[in-house]
Structures are given as C-alpha cells and as structure tokens.
Amino acid sequence: MKVSILEPKGYCAGVAHAIKVALQAKEDYPNKNVYILGMLVHNHHVVNLLNDKGIKMVKSFDSIGDGDVIVFNADGHSKEQREIAESKHLIIYDAICPKVASNLKKIVDEITSGHQVIYIGQEHHQETQIAIGVIEGVCFYDEKKKFDYSLIKDPSPFVLNQTTLNSLDIVNLHKDILSHIPGARISNEICPTTRKRQEAVQYLDDDVDAVIVVGDQVSSNSKRLFEIAKSTHPNIDVFMVSDPEEVDVEALKNKKHIAISSGASTPRDVIDIIYQNLITLE
Ligand code: SF4
C-alpha cells in the first residue's frame, strides 16, 4: 500500500499567526487569566494545546473578569465585542488572520467610497458574520440561496467572499452575479493555501483509491476538501476524520494508494500519526 500526504499540510500562515499571538499574550501576562472568545482556530487539538498552556476558551464575556486578557480569534471580532472588552478594561490581543483583515479593509474602503459590496459566504460562519457587520450596507449573498438582485443599485458593486469557500462553487456564483450585473468587480478571495489544498484533492494521482481528509467537523476549509474530493472522485472512498482513532482501518486495508489531505488548522503531528499508522497496515 502506498500512502501520500498531500501538500500543503500543517498550519497555514493565518493559523500559525493566531497561535503565536495567543502564546505571546500568555507570555506577556503569565499571572493573569488569558481567554479566547470562541475557538482561536477551528480545530479542537489547537484548543486543547492552548488550554494546556493556561489559555482558556470561553463562549461569552460573562466568564471573563475585569482586567483579564482576551485574545480575539483568527476570524475577526465585531465592534460590539471590542466595546464590551474595553468596558471591562480587558487587555486585548487580536489574532485575526492578515488575509481576513485585508478583506475587511476592502469592504470598508469600497463602501466609504460610495460603492455597494456583495459578500458571498456561509450564513453561520464567524468570518462572514464579522464581514457583513463591519460597516453598514454590505449585501450578503448566502452561497446556498438565491440572491435578491433588487438590493443592488450600483452598476459596479465590489464582490468578495469568505476565504474558505469551495473554489468550484464560487466560479458559478461569480457567473450568476455577472449575468445580472455585468459591471460587477469580482475579487476572488479564496485564500491561496485553501485553493492549493482544494486543487490537491481535485487532481489526484491516477492510482489513488482512497482519500482521508484530516480536519475538524467545525472547520469550513476541511469540510470543503471533503466535498471536493467526493464530488470530483465519485468512485473513490473519501473519509473525514479529526483524530487518528477515527480512521476506519478495516475499510482501508486493501487500498492501493491512500492520499491524506488536511485542513489549514490541522496540526502536523495528527497527520503524521495517521500516516505512520497506515504505512504499517500491511
Ligand atoms: S486559511 Fe487562509 S484565510 Fe484562513 S486563516 Fe489560513 S491563511 Fe487565513
């Protein structure tokens, strides 16, 4: 049996940056409580790793005391969250991914200069929630629903998207927008590492007969890898796991070539354990 690990693998630059910021917060304030509001990045291994270092995830500000340290996560935070943090005199660290931050700036710049903005995303994803609330007037295009084009009066609105969407789906969404608004200015914001990971599961070696996507169930970019692998290779078995113990060894025993793909927040050691377990299967 052959086992290949698809590239890129391990943390993307945004995830590595977010972890570094959180660790820095604890290093700077070793005697204070350091909290993250929600998951720092969408992977429970990373949450556990930070927890072990005394950096706790909380779901709301209620658990955070006055003067504690807060780390805002990689997807960004809202104006309201910053105001609450400031009113509680929290020490603020911002772990937003630079790519996500750059998109927020583009939205504000476009609306401030008088243009309308169409933002394509997933309704419940935090990155999307922050983007459509960053300034008044952003028109949300839910990737799963029809868009109401009567909202757009601008002949050349700016169009951008959540960084972790499916690169195959977005092509059709852009076509839909251009068929209604030919002057729309499209900026494809699927992040480069997400795109490369998606291409890797799309263009597999001919002999690959199984794909394992390693990523958390709450990770949007990992779920897209699973979807793309399944849709582009309907005759291949595709699995998604977040832990080595979830790998279905029985189902893989007779495979010729297994490709391991991974999300942008999946730790490299989790991928390596799965790889080691598989190469010793025979
Ligand atoms: S996948 Fe891209 S956009 Fe998301 S955190 Fe990583 S670098 Fe940033």
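What you are looking at is a predicted structure, and each value in this text was computed from that prediction instead of being measured.

Caption draft 1: Summary view of the pattern of salt bridges. Inspection of every chain in the model, using the stated rule, returns 11 salt bridges. Of the charged contacts, one joins D237 and K255 as a salt bridge, the two residues approaching to 2.8 Å between their closest N and O atoms. Taken together, the positions of D237 in strand β11 (residues 237–241) and K255 in the loop between α9 (249–252) and β12 (257–262) put the pair 18 residues apart, joining distant regions of the chain. D237 sits in the partly exposed class, given a relative accessible area of 35%.

Caption draft 2: The arrangement of the site of the ligand in detail. Every residue lining the ligand is accounted for by C12, G14, C97, K99, T163, C191, T193, T194 and A264. Considered class by class, the residues forming the shell around the ligand number 4 nonpolar, 4 polar and 1 charged.

Caption draft 3: Inspection of the packing of helix α7 (residues 192–202) against helix α8 (residues 220–232) at higher detail. Between α7 and α8, the shortest axis-to-axis distance is 8 Å and the interhelical angle comes to 25°. Viewed along their axes, α7 and α8 adopt a mutual orientation that is roughly parallel. For the pair α7 and α8, the crossing hand works out as right-handed. Within the contact between the two elements, α7 uses T194, R197, Q198, V201 and Q202 and α8 uses N221, R224, L225, I228, A229 and T232. Classifying every residue of the contact of α7 with α8 by side-chain character gives 4 nonpolar, 5 polar and 2 charged.

Caption draft 4: Quick look at the pairing of β12. Burial analysis of β12 places 6 of its 6 residues in the buried class, which makes it a mostly covered element. Side chains H257, A259 and S261 of β12 all project onto a buried face; the interleaved residues I258, I260 and S262 project onto the opposite face, where all are buried too. Across 4 bridges, the pairing between strand β1 (residues 2–5) and β12 is parallel. Residue K2 lies in a different strand from β12, and its bridge partner there is H257. In the sheet, strand β10 (residues 210–214) pairs with β12 via 5 bridges, with the strands oriented parallel. Looking at the pairing, V214 lines up with S262 of β12.

Caption draft 5: Summary view of the environment of D205. If you trace the backbone, D205 turns up in the loop between α7 and β10. Here D205 falls in the partly exposed class, since its relative accessible area comes to 48%. Distance from D205 to Y29, taken between C-alpha atoms, is 49 Å for residues 176 residues apart in sequence. With residues near it in sequence (within four places) discarded, D205 still touches K2 and H257.

Caption draft 6: Molecular detail of the sheet that holds strand β7 (residues 138–142). Across the sheet, which stays open at both edges, the 4 strands sit in the order β7-β6-β8-β9 with parallel pairing between neighbours. Two strands close off the open sheet at either side, each with one partner strand: β7 and β9 (185–186). Looking at chain direction, strand β6 (residues 117–121) and strand β8 (residues 158–161) are connected through 4 bridges and run parallel. Looking across to β8, one finds that V117 is bridged to F158. Against the sheet, helix α4 (residues 98–112) engages β6, β7, β8 and β9, with an angle of about 160° to β8. The sheet strands contacting helix α6 (residues 167–180) are β6, β7, β8 and β9, and the helix crosses β6 at an angle near 150°.

Caption draft 7: Spotlight on the pairing of β6. Within β6, 5 of the 5 residues are buried, which leaves it mostly tucked inside the rest of the structure. Because side chains alternate across β6, one face comprises the buried residues V117, Y119 and G121, and the other comprises I118 and I120, equally buried. A crossover connection joins β6 to the parallel β7 through helix α5 (residues 126–133); in handedness this β-α-β unit is right-handed.

Caption draft 8: Main features of the nonpolar core. Ranked by size, the top nonpolar core spans 20 residues in total, and within it A22, I36, L40, V41, L50 and V71 carry the most contacts. Among the elements of the structure, α1 (13–28), β2 (34–37), α2 (44–52) and β4 (69–72) are those that each provide at least two residues to this core. The element best represented in this core is α1, accounting for 6 residues. Apart from the residues lying within four places of it in its own chain, the contact partners of L40 are A18, I19, A22, L50, V71, N73, A74 and A95. With 15 residues, the next largest nonpolar core counts Y141, F147, I152 and A184 among its residues.

What counts and how
- Residues numbered from 1 in each chain as written.
- Predicted model: local features only at pLDDT ≥ 70, side-chain atom pairs only at ≥ 80, totals over all residues.
- Heavy atoms only, no water.
- Salt bridge = Lys/Arg side-chain N within 4 Å of Asp/Glu carboxyl O.
- Helix = DSSP H or I, 4+ residues; strand = E, 2+ residues; numbered from the N terminus.
- Buried < 20%, exposed > 50% of the residue type's maximum accessible area, 1.4 Å probe, protein only.
- Near = heavy atom within 4 Å.
- Nonpolar A, V, L, I, M, F, W, Y, C, P; charged D, E, K, R; others polar.
- Axes fitted to C-alpha atoms, helices over the stretch in contact; angles between N-to-C directions.
- Parallel < 35°, antiparallel > 145°, perpendicular 65-115°, else oblique.
- Left-handed = near helix turned anticlockwise from the far one by under 90°.
- Contact = heavy atoms within 4.5 Å.
- Pairing = 2+ DSSP bridges.
- Right-handed = clockwise from strand over helix to strand, strands pointing away.
- Core = buried A, V, L, I, M, F, W, Y, C linked by side-chain atoms within 4.5 Å.

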